[in-house]
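Close look at the chain arrangement
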Amino acid sequence: MADTVNIEWDFSEITNELEKMGKDIEKVEQTATLKAAQVIKAAVEKNIGRSDVNKPDYIHMADDVRLSGLKEDEDGDKVREIYGGKKTGYKWKWLEFGTSKMKGNQFMTKSLEETSEEVKKIIDEELQKQLDL
């Protein structure tokens with residue numbers, strides 16, 4: 001009677017599928033994060049509001065919302081950033097959190113809350129579509 005059992009299995013098909021899935025996941029990260037970020041960006045533009053300034057050369061914060069390319073953060077997660085451009089970006093923290101003389105309107109917080117379900121749906125749909133789930 002043998003005291004060991006040898007099990008052999010050909011993992012080449014599984015390895016090939018995992019390699020293919022890795023390439024598919026990169027495509028999903030690109031498309032899903034872009035679509036989700038665009039939804040959030042639109043909500044930010046809506047929630048940020050407009051000042052009463054009507055000068056021709058004045059740039060409103062809502063017209064200066066930017067979206068970054070896909071990046072990797074310190075934890076290795078893929079992210080896209082939504083931020084204020086060079087002309088208005090420095091004002092974002094004041095409008096979000098307020099100052100000693102002004103209450104913040106929390107436009108980023110509102111935007112994230114308003115879009116959370118739609119963002120989840122976008123991510124799920126992209127995963128299913130791209131990975132044939």
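We now turn to the structure provided with this report. (Residues numbered from 1 in each chain as written. Predicted model: local features only at pLDDT ≥ 70, side-chain atom pairs only at ≥ 80, totals over all residues. Heavy atoms only, no water.)

**A closer look at unusual backbone geometry**
- For glutamine 106, which is not a glycine, the phi torsion comes out positive at approximately 50°.
- With respect to the helices and strands, the residue glutamine 106 is situated in the loop between helix H2 (92-97) and helix H3 (107-131). (Helix = DSSP H or I, 4+ residues; strand = E, 2+ residues; numbered from the N terminus.)

**Some remarks on the packing of aromatic side chains**
- The full count for this structure, using the stated rule, is two aromatic pairs.
- Consider the rings of tryptophan 92 and phenylalanine 107, whose centres lie 5.1 Å apart with planes at 80°: the pair is edge-to-face. On the criterion of sequence distance, the pair formed by tryptophan 92 in helix H2 and phenylalanine 107 in helix H3 is long-range, its members being 15 residues apart. (Phe/Tyr/Trp six-rings, centres within 6.5 Å; stacked < 30°, edge-to-face > 60°.)

**Some thoughts on the pattern of salt bridges**
- According to the stated counting rule, one finds nine salt bridges in the structure shown.
- The salt bridge partner of lysine 120 is glutamate 117, with a shortest N-O separation of 3.6 Å. On the criterion of helical spacing, the pair formed by lysine 120 and glutamate 117 is a turn pair, its members being three residues apart in helix H3.
- A network of salt bridges, in which partner residues are shared, links Lys35, Glu126 and Lys129. (Salt bridge = Lys/Arg side-chain N within 4 Å of Asp/Glu carboxyl O.)

**Some details on the side chain of serine 111**
- By the secondary structure assignment, serine 111 is in helix H3.
- One polar contact links the side chain of serine 111 to the main-chain amide nitrogen of valine 44, over a distance of 3.3 Å.
- Beyond its immediate sequence surroundings of up to four residues, serine 111 is in contact with Ile40, Ala43, Val44 and Asn47. (Polar contact = N/O pair within 3.5 Å; in protein donor to acceptor, adjacent residues only side chain to side chain. Contact = heavy atoms within 4.5 Å.)

**Topic: the environment of serine 51**
- Among the secondary structure elements, serine 51 is positioned in the loop between helix H1 (12-48) and strand S1 (65-67).
- With a relative accessible area of 33%, serine 51 lands in the partly exposed category.
- In this structure the C-alpha to C-alpha distance between serine 51 and methionine 61, which are ten residues apart in sequence, comes to 8.4 Å.
- Residue contacts for serine 51: discarding those within four places in its chain leaves Tyr58 and His60.
- Among the polar contacts made by the side chain of serine 51, one reaches the main-chain amide nitrogen of valine 53 at a distance of 3.4 Å. (Buried < 20%, exposed > 50% of the residue type's maximum accessible area, 1.4 Å probe, protein only.)

**Remarks on the nonpolar core**
- The biggest cluster of nonpolar side chains holds 15 residues, and the ones touching the most others in it are Val44, Ile48, Ile82, Trp92 and Phe107.
- Secondary structure elements with two or more residues in this core: H1, H2 and H3.
- Considering each element in turn, this core owes the most residues, five residues, to H1. (Core = buried A, V, L, I, M, F, W, Y, C linked by side-chain atoms within 4.5 Å.)

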